[in-house]
Protein chains: 2
Amino acid sequence: MDDSILLAHGSGGKLSHELVERKFLPFLANPVLNKLDDSAIFEASGRLAFTTDSYVVNPIFFPGGDIGKLAVCGTVNDLAMNGARPLYLSLSAIIEEGFLISELEQIMQSIKKAAEEAEVSIITGDTKVVNRRQADKLFITTSGVGIISLGVDISGANARAGDKVLLSGTIGDHGIAVMSQREGLRFSMALESDCAPLNKLVSQMLKVSSRIHCLRDPTRGGLATTLNELARQSKAGIVVEEARIPVKEEVKAACELLGLDPIYVANEGKLVAIVDPADVDKILAQMRKNNYGRDAAIIGEVTKEHLGKVVMKTKLGPSRIVDMLSGELLPRIC
Amino acid sequence: MDDSILLAHGSGGKLSHELVERKFLPFLANPVLNKLDDSAIFEASGRLAFTTDSYVVNPIFFPGGDIGKLAVCGTVNDLAMNGARPLYLSLSAIIEEGFLISELEQIMQSIKKAAEEAEVSIITGDTKVVNRRQADKLFITTSGVGIISLGVDISGANARAGDKVLLSGTIGDHGIAVMSQREGLRFSMALESDCAPLNKLVSQMLKVSSRIHCLRDPTRGGLATTLNELARQSKAGIVVEEARIPVKEEVKAACELLGLDPIYVANEGKLVAIVDPADVDKILAQMRKNNYGRDAAIIGEVTKEHLGKVVMKTKLGPSRIVDMLSGELLPRIC
């Protein structure tokens, strides 16, 4: 086999089979995937969650992760945000002719590692190859299926006035890490993407409280966009305090330099939780026990005013309406 | 909203929401999708099939279909090929900046129509936008979930010596239709892709027989590659007769002109069935009642010889080993 991807690797014929057998199965092997039928078969019963995301991040390798880790964590997190325990993923790759097979192996290794941490199996997949300059290196689409325990009812539409708004940690790390890598910027401190699977954090939160109303991971569009989505879906107002939102010093510095507001910068290992005020302390304490929630904070609450809108009390005193991201801040961030 | 896709349509912010609300939901609306949570929730119980495919066909519009119809039918068919009844699809689009919104609407319309015919709902999705020349117009990835009835056990590994090999109709239509469109070739007769959802054909076949052992749709790599996959997975030999394989006159003519062998050309609305000889007549009769199986034929049988290989009795008399496609015949055919 050559050292780079050929169009014939996407032909469905001999080289496609060799690619799967030599470069994918050694990393992903499990009894369901190994059957290599047109679809994978599993048993399940109950309420299932189903989600999909395409990943087009540029560059494909960045501090703290790569497109493979991102594709596993992103889809695992989308399942977790509905309170589902992720079970199975599918993985579909669109590869540009000429892509290095050594880089593909590196990404498969990172997919394997992320899937092991999240305890999910990749049970079905596909590979397409397109001519040079018809795609940029590698795009990955993952879909996922998870199971929701009896009694769990988490949706962006469930926020109620009086609920507390929790954030699991610092914002902007992923966006700034990718941006810095892409633009060749160097900041004094090493900054890594926060890319991580949050399903165990969520399952620990669900163990201590049955009154978690909304969960969402503030990815593209950042914290501000996610809060706006939740306010709209729940037809409620959300008031947050700028001073309570954790932001790393290096992210603050980079944002100032680049003229960005960290509340619009993408995260890949953070979640917003809207919870009943009666349970907020125990949920917060539980979150802080998990490495991915150690900087968790209460950042605001749900109100009967400003329905469908997000209001931020700024550090300087006055409040302002914070809208969804308009325009495009950082293309190909995930 | 402008008449073409902007990077901001993929930002996750305002324009992303507008795109989903104005251009996707009007075509795909259903109670689960409409919730717009991170994942879609459905109830199911039993043996489920899960599959995924990315579609990168070029051109995106071709005689008999487009990338949208293909993305629905392809994934529906992969589920059906394990005997599953397709239930739900996910849909993820990677769009090149500058893509016309009118073309996107045309494709959504065709997705809607194909999903209606196949009786599946699209319940979750994603959209990414990449800069100009970082993708070619539009790539779509669909994943699907289906349910397998009790007692159904269909796998590429189930062929046994003595089984009959059925083909649901003419081969090469899709590949030649796309190729002709792409290269601007004009043949005397209008040729259309066979792109179609085969789940109803399969469910009708399953109604008349519980002895269908393998099903597979001969897409990329064509009939020859599919038969080789089945022979390898089942560790059996397959002998087919060239004279019994239906090929349209215009496909034959185009293949001669282009130097292609139709047994390697992609299909998107055909299936190979390997069945117990005792049931072959009733399965064949049933297939011919369905519009997508009206040209169905017995093309060969499974043998104890040539294990893992496919042998073709040619029209001229002698037999030859037919291997998987090697190299790449028609890039971006699906």
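## Some details on the overall build of chain A
Here's step 1: If you tally the helices and strands in chain A, you get 9 helices and 13 strands.
Here's step 2: In terms of C-alpha radius of gyration, chain A reaches 21 Å, essentially the compact-globule figure of 20 Å for 334 residues.
Here's step 3: Expressed along its principal axes, the backbone C-alpha trace of chain A runs to roughly 65 × 50 × 30 Å.
Here's step 4: Out of the 334 residues belonging to chain A, those deemed buried represent 64%.
Here's step 5: Sequence separation of 24 or more characterises 85% of the internal contacts of chain A that already satisfy a separation of 6 or more.

## Thoughts on the pairing of strand β7 (residues 164-167) of chain B
All names here are of chain B.
Here's step 1: Note: β7 against strand β10 (residues 272-275), 4 bridges, orientation antiparallel. If you follow Leu-167 over to β10, its bridge partner there is Val-272.
Here's step 2: Both β7 and strand β11 (residues 297-303) contribute to a ladder of 4 bridges, which runs antiparallel. Bridging from a neighbouring strand, Val-165 pairs with Gly-300 of β11.

## Here's the deal with the relation of the copies chain A and chain B
Here's step 1: Least-squares fitting of chain A to chain B yields an RMSD of 0.0 Å, with the transformation described by 0.0 Å of translation along the axis and a rotation of 180°. Taken together, these values place the two copies in the relation of a two-fold axis.
Here's step 2: Interface overlap between copies is the fraction of interface residues in one copy that are interface residues in the other; for chain A against chain B it reaches 100%, indicating a shared surface.

## Some details on the pattern of salt bridges
Opposite charge on two side chains makes pairing possible when the charged atoms of those side chains draw close.
Residues and elements named next belong to chain A.
Here's step 1: Tallied over the full model, the rule gives 46 salt bridges over all chains.
Here's step 2: In this structure, Arg-332 and Asp-136 form a salt bridge, with 2.7 Å as the shortest nitrogen-oxygen distance. Of this pair, Arg-332 sits in the segment after β13 (319-322) while Asp-136 sits in the loop between β5 (121-130) and β6 (138-148), and the two are 196 residues apart along the sequence. With respect to burial, Arg-332 and Asp-136 carry one shared label: buried.

## Things to note about helix α1 (residues 14-28) of chain A
Here's step 1: When the terminal C-alpha atoms of α1(A) are compared, their 20 Å separation across 15 residues agrees well with the 21 Å that a helix rising 1.5 Å per residue should span.
Here's step 2: Within α1(A), the axis deviates most sharply at A:Glu21, by approximately 30°.
Here's step 3: Within the sequence span of α1(A), burial applies to A:Ser16, A:His17, A:Leu19, A:Lys23, A:Phe24, A:Leu25, A:Phe27 and A:Leu28.
Here's step 4: For α1(A), the elements touching its buried residues are α2 (31-34), β4 (84-96), α4 (101-118) and β5 of chain A together with α7 (222-234) of chain B.

## What to know about the sheet that holds β6(A)
Here's step 1: Strand order across the open sheet formed by 8 strands is β5(A)-β4(A)-β6(A)-β1(A)-β1(B)-β6(B)-β4(B)-β5(B), with mixed pairing between neighbours. Single-partner strands in this sheet number two, and they are β5 of chain A together with β5 (121-130) of chain B. The mean inter-strand angle of the sheet, taken between neighbouring strand axes irrespective of direction, is 25°.
Here's step 2: Inspection of the sheet shows β4(A) paired to β5(A) by 9 bridges, in the parallel sense. Of the residues in β5(A), the one forming a bridge with A:Leu89 is A:Ile122.

## Brief notes about the interface of chain A and chain B
Quoted interface sizes are often the accessible area lost when the parts come together.
Here's step 1: The partner chain B presents 77 residues to the 77 residues of chain A that form the contact.
Here's step 2: Counting each side, the surface lost to burial between chain A and chain B is near 6,200 Å², with a carbon and sulfur contribution of 53%.
Here's step 3: Ranking the residues of chain A by area buried against chain B places A:Asp38, A:Phe50 and A:Arg220 at the top, with a combined share of 13%.
Here's step 4: Between chain A and chain B we count 10 salt bridges in total.
Here's step 5: At the junction of chain A and chain B, the tally comes to 51 residue pairs in polar contact (both at pLDDT 80 or more).
Here's step 6: Looking at the side of chain A that touches chain B, the elements with two or more residues in it are α1, β1 (40-55), α3 (67-80), β4, β5, β6 and α7 (222-234) of chain A.
Here's step 7: With 15 residues, β1(A) is the largest single contributor of residues to the side of chain A that touches chain B.
Here's step 8: Class assignment for the residues of the side of chain A that touches chain B results in 29 nonpolar, 29 polar and 19 charged.

## Concerning the side chain of B:Thr226
Here's step 1: One can find B:Thr226 in helix α7.
Here's step 2: Excluding its chain neighbours within four sequence positions, the residues that come into contact with B:Thr226 are B:Arg216, B:Asp217, B:Pro218, B:Thr219 and B:Val272.

## As for the packing of helix α5 (residues 173-183) of chain A against helix α8 (residues 249-258) of chain A
Residues and elements named next belong to chain A.
Here's step 1: Viewed as axis vectors pointing N to C, α5 and α8 meet at an angle of 60°, and their least axial separation amounts to 10 Å. When the axis of α5 is compared with that of α8, the two are oblique. In this structure, α5 crosses over α8, and the sense of that crossing is left-handed. Residues Asp-173, Ile-176 and Met-179 of α5 form the contact with α8, whose participating residues are Val-251, Ala-254, Cys-255 and Leu-258.

## Side note on the pairing of β5(A)
Here's step 1: The buried fraction of β5(A) amounts to 8 of the 10 residues, a majority that puts the element mostly inside the structure.
Here's step 2: One crossover worth recording links β4(A) to the parallel β5(A) by way of α4(A), and it is right-handed.

## Focus: the environment of B:Pro26
Here's step 1: Relative to the assigned elements, B:Pro26 resides in helix α1 (residues 14-28).
Here's step 2: Dropping the residues within four chain positions of it, B:Pro26 is found in contact with B:Val20 and B:Glu21.

## Description of the packing of helix α6 (residues 199-208) of chain A against helix α9 (residues 280-289) of chain A
Residues and elements named next belong to chain A.
Here's step 1: Close contact between α6 and α9 brings their axes to 9 Å; oriented N to C, the two are set at 145°. Seen from above, α6 lies across α9 with right-handed handedness. For the pair α6 and α9, contact is made by Leu-201, Gln-204, Met-205 and Val-208 and by Lys-282, Ile-283, Gln-286 and Met-287, respectively.
Here's step 2: Class assignment for the residues of the contact of α6 with α9 results in 5 nonpolar, 2 polar and 1 charged.

## Re unusual backbone geometry
Here's step 1: Residue A:Pro59 follows A:Asn58 across a cis peptide bond; omega there is 5°.
Here's step 2: Positive phi is not limited to glycine here, since B:Glu119 has a value of about 55°.
Here's step 3: Within the element layout of this structure, B:Glu119 appears in the loop between α4 (101-118) and β5.
Here's step 4: Note on B:Glu119: relative accessible area 59%, which makes it exposed.
Here's step 5: You will see that B:Lys235, though not glycine, has its phi angle at about 50°, which is positive.
Here's step 6: Locating B:Lys235 in the fold gives a position in the loop between α7 and β9 (237-241).
Here's step 7: The class for B:Lys235 is exposed, based on a relative accessible area of 64%.

Definitions and cut-offs
- Residues numbered from 1 in each chain as written.
- Chains lettered and ligands numbered in written order.
- Predicted model: local features only at pLDDT ≥ 70, side-chain atom pairs only at ≥ 80, totals over all residues.
- Heavy atoms only, no water.
- Helix = DSSP H or I, 4+ residues; strand = E, 2+ residues; numbered from the N terminus.
- Rg over C-alpha atoms; globule rule 2.2 N^0.38 Å.
- Buried < 20%, exposed > 50% of the residue type's maximum accessible area, 1.4 Å probe, protein only.
- Contact = heavy atoms within 4.5 Å.
- Pairing = 2+ DSSP bridges.
- Least-squares fit on C-alpha atoms with pLDDT ≥ 70 in both.
- Salt bridge = Lys/Arg side-chain N within 4 Å of Asp/Glu carboxyl O.
- Expected span 1.5 Å × (residues − 1).
- Bend = angle between axes of the 7 residues up to and from the residue.
- Axes fitted to C-alpha atoms, helices over the stretch in contact; angles between N-to-C directions.
- Buried area = accessible area lost by both parts, 1.4 Å probe.
- Polar contact = N/O pair within 3.5 Å; in protein donor to acceptor, adjacent residues only side chain to side chain.
- Nonpolar A, V, L, I, M, F, W, Y, C, P; charged D, E, K, R; others polar.
- Parallel < 35°, antiparallel > 145°, perpendicular 65-115°, else oblique.
- Left-handed = near helix turned anticlockwise from the far one by under 90°.
- Right-handed = clockwise from strand over helix to strand, strands pointing away.

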